[in-house]
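Coordinate analysis (summary)
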Amino acid sequence: GSGKYKGMVEDCCCDYETVDNLNSEVLNPLLQDLVTTPFFRYFKVKLWCDCPFWPDDGMCRLRDCSVCECPENEFPEPFKRPYNIAGLPSDNLICQEGKPQAAVDRTIDNIAFRGWVETKNPWTHDDDTDSGDMTYVNLQLNPERYTGYTGPSARRIWDSIYSENCPKYSSGETCPEKKVLYKLISGLHSSISMHIAGDYLLDESRNQWGQNIELMYDRILRHPDRVRNMYFTYLFVLRAVTKATAYLEQAEYDTGNHAEDLKTQSLIKQLLYSPKLQTACPVPFDEAKLWQGQGGPELKQQIQKQFRNISALMDCVGCEKCRLWGKLQVQGLGTALKILFSVGNQDKEGDQTLQLQRNEVIALVNLLNRLSESVKMVHDMGPDVERLMEDQ
Ligand code: FAD
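Here's what I pulled together on the structure shown here. Here the residue index of a chain counts from 1 through its sequence in written order. Note on the predicted model: pLDDT of at least 70 is required for a residue's local features to be given, and 80 or more for side-chain atom pairs to be given and counted; whole-chain, interface and lining totals, by contrast, use all residues. Only hydrogens and water are set aside when side-chain values are computed; all heavy atoms of the structure are taken into account.

A word on empty space enclosed by the protein. Definitions used throughout: a 1 Å grid over protein atoms alone; a cavity as a set of points that fits a 1.4 Å probe which cannot get out; a pocket as an open set with protein on both sides within 12 Å along at least five of seven lines; a lining residue as one with an atom within 4 Å of a point. Grid points are joined across faces, edges and corners, and a volume is the space filled by probe spheres set on the points. Enumeration according to the criterion identifies two cavities of 30 Å³ or more in this entry. Put simply, the second largest cavity is a space of about 50 Å³. W123, E177, V180, L181, L184, W291, I303, L337 and F341 together form the lining of the second largest cavity. Secondary structure elements with two or more residues in the lining of the second largest cavity: α4 (176-198) and α11 (320-341). Lys, Arg, Asp and Glu make up the charged group, whereas Ala, Val, Leu, Ile, Met, Phe, Trp, Tyr, Cys and Pro make up the nonpolar group; the residues left over, Gly among them, are polar. Its residues placed into classes, the lining of the second largest cavity shows eight nonpolar, no polar and one charged. Each helix corresponds to a stretch of at least 4 residues labelled H or I by DSSP, and each strand to a stretch of at least 2 residues labelled E; elements are numbered beginning at the N terminus.

Spelled out as structure tokens, the structure:
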């Protein structure tokens, strides 16, 4: 049996075994295909950071480390040198972005997207206004994986996310809304760690990549709560996608490549109307239970503000590729929160019908795919994971 992963995913409506089967057999193959389509593989993003939190510590000067859009041999030598930031020991200063594995390939897609509107999201910190600074990144060329970004800079971001924005709930915490935010972040963190361990630079001299099982155990698998939170986040985002079915079904996936766009539409429909999803796990998460108590609207505003802070923190991630995936996935979570909590509810703000930006849809689906891969990786570890859990 699967030990600690028996029964229902906490606060969700489906059990682990069902989720694993549904994911491996239906959702993961569809999502893997979907994210390669032209509509879903280009993400518009501002990668140059305006970190609002630690303005004078040199973090944003890491821009000079970023890899330029020119052939490797034109890459300016000084950009590869470690940066000198006063007061920090020099091993903090390794310019992670000078490493090839941290480089972002900004393949600009010059095709026109049509039929999408600009719309606000109260859950995210919107920095999409300066279009001049935005660039299209081909996500297929920039897999989320190990980049070497570590140490105090990475640590500080996770620490402030947890300590300032979503303090770990005490076991007596009765406010389910606060638990949700913590679990979403922890689940995302687990998934990011899974991808780092799942695609790791095992041997730098031979440029050999592969799974680092030890790291996987150490960072995620030996912490059952981190695994559980990852399943929770997956079901939460899946619920947002299914709740937005009417919108996603009719959305404009036109990129100018007719054959590919038809495929995108067909895959979206197969995902939304998968018979297995409808029978096995029709309502992956029940959002209607939240914000019902006294002070619901105020609490929502408070949590919205916390999540906006988390979203703004992504500008402080000091490695370009990590920033890319951090921004995408936090925007994806913000989109899920918007779908589940800001539309079609009783409060004033929710009176509107659902409107999503193109980039929100791209972020949402790519996030779901990242989580789906992570869930599959855990599942594929099979008896190893169970044995480990039993050792606990
Ligand atoms: P960290 O992962 O930094 O964790 C810090 C602390 O948080 C842990 O000690 C633990 O107390 C707690 N913690 C860890 N996991 C969880 C969890 N699931 N739930 C609750 N608490 C937890 N590095 C890459 O190589 N590639 C990337 O693409 C990448 N993307 C990143 C994106 C973001 C937004 C950030 C902030 C960092 C990213 N990093 C990336 C860095 C990476 O996440 C780690 O910070 C780094 O590898 C150092 O790991 P660590 O072992 O110190 O623990």
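We now examine the layout of surface pockets. Where empty space is left can be seen by rolling a probe of water-molecule size over the atoms. Empty space within the largest pocket amounts to approximately 1,000 Å³. Around the largest pocket sit 38 residues that line it, and W158, H189, S193, I196 and R219 are the ones nearest its centre. Of all the secondary-structure elements, those providing two or more residues to the lining of the largest pocket are α3 (152-165), α4, α5 (213-221), α6 (224-243) and α11. In terms of residues, the lining of the largest pocket owes the most to one element, α4, which gives nine residues. Class assignment of the residues belonging to the lining of the largest pocket gives a composition of 19 nonpolar, 10 polar and nine charged.

Two residues of an α-helix separated by three or four positions point the same way, owing to the 3.6 residues in each turn. N23 marks the point of greatest bend in helix α1 (residues 16-34), at about 50°. Restricting attention to buried positions, one finds in α1 the residues Y16, T18, V19, D20, L22, N23, V26, L27, N28, L30, L31 and L34. Any two residues having at least one pair of non-hydrogen atoms within 4.5 Å are treated as being in contact. Where α1 is buried, its residues touch α2 (38-41), α6, α8 (258-272), α9 (275-280) and α12 (358-381). Polar contact criterion, stated in full: a pair of N or O atoms within 3.5 Å, where within protein one must be able to donate a hydrogen and the other to accept it, and residues adjacent in sequence count only if both atoms are side-chain atoms. The distance from a side-chain oxygen at the start of α1 to the backbone nitrogen of E17 is 3.2 Å, and the residue carrying that oxygen is D15. Here the bend at a residue is taken as the angle between two axes, fitted respectively to the seven residues that end there and the seven that start there. Only protein chains enter the accessibility calculation, which uses a 1.4 Å probe. A residue is then buried if its area is under 20% of the maximum for its type, exposed if over 50%, and partly exposed in between.

What follows deals with the site of the ligand. Near, as used in this document, describes a residue that has one of its heavy atoms within 4 Å of the molecule or strand being considered. Around the ligand, 23 residues are found, and the nearest of them are R145, T147, S186, H189 and S190. Taking R155, its side chain carries an N or O atom lying 3.0 Å from an oxygen atom of the ligand. Computed by Shrake-Rupley with a 1.4 Å probe, the accessible areas treat only the displayed protein chains as cover when residues are assessed. Summarising the interface, the protein chains cover 84% of the accessible area of the ligand, which totals 950 Å² for the free molecule. The cavity that encloses the ligand is the largest pocket. Contributing elements (two or more residues each) for the shell around the ligand: α3 and α4. Take the shell around the ligand: its biggest share by element is six residues, from α4. Counted by class, the shell around the ligand contains 12 nonpolar, six polar and five charged residues. A pocket or cavity is taken to hold a molecule when more than half of that molecule's atoms are within 2 Å of the pocket's grid points.

Of note in this structure, N207 is not a glycine but carries a positive phi near 50°. Tracing the backbone through its elements, the reader meets N207 in the loop between β3 (200-203) and β4 (208-210). Judged by its relative accessible area of 51%, N207 is exposed. Phi is positive for W291, which is not a glycine, with a value near 60°. Here W291 is to be found in the loop between α9 and α10 (296-313). Residue W291 is classed as buried on the basis of its relative accessible area, which comes to 14%.

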